[in-house]
Amino acid sequence: MARMAAAARALASLLTTAALLAAAATALVMWAGWPLPHRWPTADQWATFADQPLAHLPIKIIAALAGWLLWFALVASLALEAWIRFARRPPPLILPRPMRVLAAGMLGTSVVAVATSAHATPPAASSTGVHHPAIHENPVTQPASPHSTGRLGPAHTPDDTGAFPDAPTRPGSDGSSSADVRRQGVDVPGGWIVWPVAAGVLAATAIALLRSRTLAPASALLRAIRAARHGAADPTSEEPTTTTYDIAVLEQDATTAPRLTIGLREATDLGIDALPADGVAITGPGSTDALRGILAAAATSTNATIVIPADLLHALTGAQLSLPGVTPTHDTHAAMHRIQMEIHRRYTLTHETNTSSTDNVHPPLVLLIEPPTVQPRRLAALAELGSEHDVRIVVAGQWDAGDTWSVDRYGRTTAGTATIGRVNMLNPQGLAQLAQALKRTTGPAAVSDQAAPPEPPVSAIFHLSILGPLRLATSSSPAIHIRRSGSRQIAVYLALHPDGTSRYELLEHIFGHMTMSSATTSLDSCLYELRRLLAANDGSALMRLDDTYRLDPQLITVDWWQLLYHLRRGDLTQATTQYAGPIADGHTWPWLPEHRQNARHLIADAHAALARTATTPEQALTHALVGITIDPYSTASHDAAIDAYTRLDQADHAQTLREEMVKRLADLQRVERQRMSE
């Protein structure tokens with residue numbers, strides 16, 4: 001019955017479309033006559049027309065020509081729409097969006113589906129295969145990875161409906177809670193990871209945000225993790241602010257110690273115990289991405305180590321990546337020897353102390369290796385001996401001595417007819433971004449690389465405050481409401497980049513979680529709103545030059561610009577008075593934490609400098625304590641406060657402050673040593 005109803009609806013849509021087209025053509029013929037000439041024009045008529053093409057064409061004929069052109073364009077759109085629906089392939093020609101939407105409506109197709117998926121350019125396939133013999137032993141031809149970056153954010157290859165067939169959806173895209181993310185995992189550019197891996201990235205990033213004084217912009221992978229945690233808000237809608245203290249969130253992230261997690265099965269984490277005790281061979285079209293997912297799991301955990309031959313590591317990563325928890329060896333023999341010695345050490349530790357293996361919990365150790373061509377039984381023996389000591393063997397390619405897991409290109413893993421679950425999947429670009437996020441950076445705080453504009457004119461019409469709560473105002477309107485979340489983000493992003501930023505950068509950082517067509521539409525809508533709000537004197541404070549956008553410093557002042565201006569002049573007192581709180585306080589945009597921490601470090605260091613040059617210990621203590629309040633991890637502010645307490649003969653306060661600082665830094669160093677020492 002359902003098929004008959006669908007066929008009836010399709011037939012009705014086809015008859016209605018044909019009737020509309022026939023009626024439009026009939027009306028044109030009745031109004032303007034038959035469109036084709038009764039005889040072929042003579043040479044003289046062609047010459048006259050070429051000399052004055054419009055002189056002999058009445059307005060009625062021009063209107064009729066335009067009508068017929070629109071009629072043929074509509075027919076072409078319908079033909080292309082039929083091509084998409086029946087051939088299930090991208091169209092050979094992309095027509096303007098209004099024609100596509102109209103054609104889709106006439107064929108009974110969802111407008112949204114046509115606008116965002118059916119006519120979207122298919123993502124470029126990323127190369128997930130690596131030129132390595134062992135990895136390509138699998139007889140199944142490796143297809144293009146679904147984790148290629150064909151769209152701005154986490155991407156999959158859509159079918160004709162714009163969705164993955166039976167593939168898990170991205171959590172957080174509808175504003176879901178972080179609990180859902182923990183149960184479903186996170187889609188990131190270049191693949192999919194379980195929440196413990198994402199938490200490991202957040203932990204490493206949080207340590208850098210709290211301790212490092214120079215911070216690079218957040219990568220696409222890091223922004224995707226943050227968006228999944230908070231839920232990706234619709235940039236074209238209103239966005240509520242939160243009152244969460246971001247330093248406390250960073251401290252919680254930094255002290256998180258995720259364990260080795262290779263995947264999920266029915267919302268349950270798969271740890272090292274999920275790997276077969278007698279070893280496992282990873283095969284299937286998604287095997288290489290899955291192997292990189294295992295590397296990512298070890299790199300983001302605080303207690304796991306992977307031993308891998310250097311040539312296999314290079315084949316999987318495509319570059320000389322340094323990953324914590326991943327130990328490369330010279331060759332396959334060296335890798336097996338290292339595992340053999342570690343098994344012996346763990347065996348000795350367990351039996352010579354007369355304790356059971358459960359009393360000696362060993363950190364997970366994984367040997368990731370190709371099928372050995374020499375001493376093949378040695379690998380099986382290592383798997384058998386190491387299974388009781390938290391040692392597992394993972395083989396890249398066919399290996400008959402152990403179990404075999406087949407991984408499809410979405411990460412869904414099976415062992416014969418048994419379902420294992422979904423494992424971490426990363427392509428080389430995704431793993432490279434993860435490695436970059438795990439790097440430890442240090443250095444002094446520095447003024448923004450972007451050149452600040454000159455001192456703002458007094459006659460500027462608009463004033464934008466991004467320090468503390470976001471506020472846009474004029475002399476007549478103390479609070480201009482910016483409704484769209486995307487417009488707010490653009491305003492803050494442009495304020496942080498006085499020299500301007502490209503259209504692509506706005507798409508990437510603010511709308512990166514959306515498809516390209518949706519991101520472009522949202523960007524245009526948000527720019528339109530912001531340009532309208534900043535309209536003045538037959539122009540706008542939002543300027544555009546080619547594909548670069550910037551705020552006009554002659555029409556708008558920004559408190560952040562004023563702060564940077566005073567810092568460059570060495571006027572630290574004026575600079576510190578400009579700081580009214582964290583940048584865009586109350587917002588949790590994925591790209592924001594690095595900018596917020598850079599500003600926090602700058603102001604804390606400015607207060608520390610003022611404390612060192614203060615004329616009285618009371619003034620020095622005031623500045624130092626303000627610096628500590630702004631940045632609790634500022635060693636310069638703590639040193640200045642301890643010195644001020646000492647000068648005021650308050651040794652007990654100085655000792656308490658020193659102990660608090662030592663404990664705070666020790667907590668971070670302990671987690672970092674755990675992560676870096678494995």
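Check the entry above for the structure.
Quantities reported herein were computed from a predicted structural model and do not represent experimental measurements.

Focus on the overall build of the chain
Broken down by element type, the chain carries 23 helices and 21 strands. Here the chain holds 678 residues, and the buried ones make up 49% of them. Long-range contacts, defined here as pairs at least 24 residues apart, represent 71% of the contacts in the chain between residues at least 6 apart. Accessible surface, the chain: about 32,200 Å² in total, of which carbon and sulfur atoms supply 58%.

Some words on the packing of aromatic side chains
Counted by the stated rule, this structure contains five aromatic pairs. Here the aromatic rings of Trp-589 and Trp-591 are separated by 5.7 Å at their centres, their planes lie at 20°, and the arrangement is stacked. No difference in accessibility class separates Trp-589 from Trp-591, as the two residues are buried. Three or more aromatic residues joined by ring pairs form one cluster here, namely Trp-68, Trp-71 and Phe-72.

A few points about the pattern of salt bridges
Enumeration over the complete set of coordinates arrives at 15 salt bridges. Ionic pairing is found between Arg-392 and Asp-273, a salt bridge with its closest N-O pair at 4.0 Å. In this pair, Arg-392 sits in strand 9 (residues 391-396) while Asp-273 sits in the loop between strand 4 (268-270) and strand 5 (280-283), placing the two residues 119 residues apart along the sequence. Between Arg-503 and Asp-524 there is a salt bridge, and its shortest N-O distance comes to 2.6 Å. Residue Arg-503 is located in helix 16 (residues 503-510), and its partner Asp-524 is located in helix 17 (residues 516-533); the two are separated by 21 residues in the primary sequence. In this structure Arg-503 comes out as buried when scored by relative accessible area, which is 15%.

Re the nonpolar core
Generally speaking, soluble globular proteins have nonpolar side chains that are buried together. One finds Ile-225, Leu-295, Ile-308, Leu-368, Val-394 and Leu-434 to be the most contacted residues of the largest nonpolar core, which totals 57 residues. For this core, the element with the most residues is helix 10 (residues 287-300), which contributes eight residues. Residues contacting Val-394, with those up to four places away along its chain left out, are Leu-275, Val-280, Ile-282, Leu-291, Ile-294, Val-366, Leu-367, Leu-368 and Ile-369. In this structure, Leu-542, Leu-564, Leu-567 and Ala-599 belong to the second largest nonpolar core, which totals 50 residues.

What counts, and at which threshold
- Residues numbered from 1 in each chain as written.
- Predicted model: local features only at pLDDT ≥ 70, side-chain atom pairs only at ≥ 80, totals over all residues.
- Heavy atoms only, no water.
- Helix = DSSP H or I, 4+ residues; strand = E, 2+ residues; numbered from the N terminus.
- Buried < 20%, exposed > 50% of the residue type's maximum accessible area, 1.4 Å probe, protein only.
- Contact = heavy atoms within 4.5 Å.
- Areas by Shrake-Rupley, 256 points an atom, 1.4 Å probe, with all protein chains shown as cover.
- Phe/Tyr/Trp six-rings, centres within 6.5 Å; stacked < 30°, edge-to-face > 60°.
- Salt bridge = Lys/Arg side-chain N within 4 Å of Asp/Glu carboxyl O.
- Core = buried A, V, L, I, M, F, W, Y, C linked by side-chain atoms within 4.5 Å.

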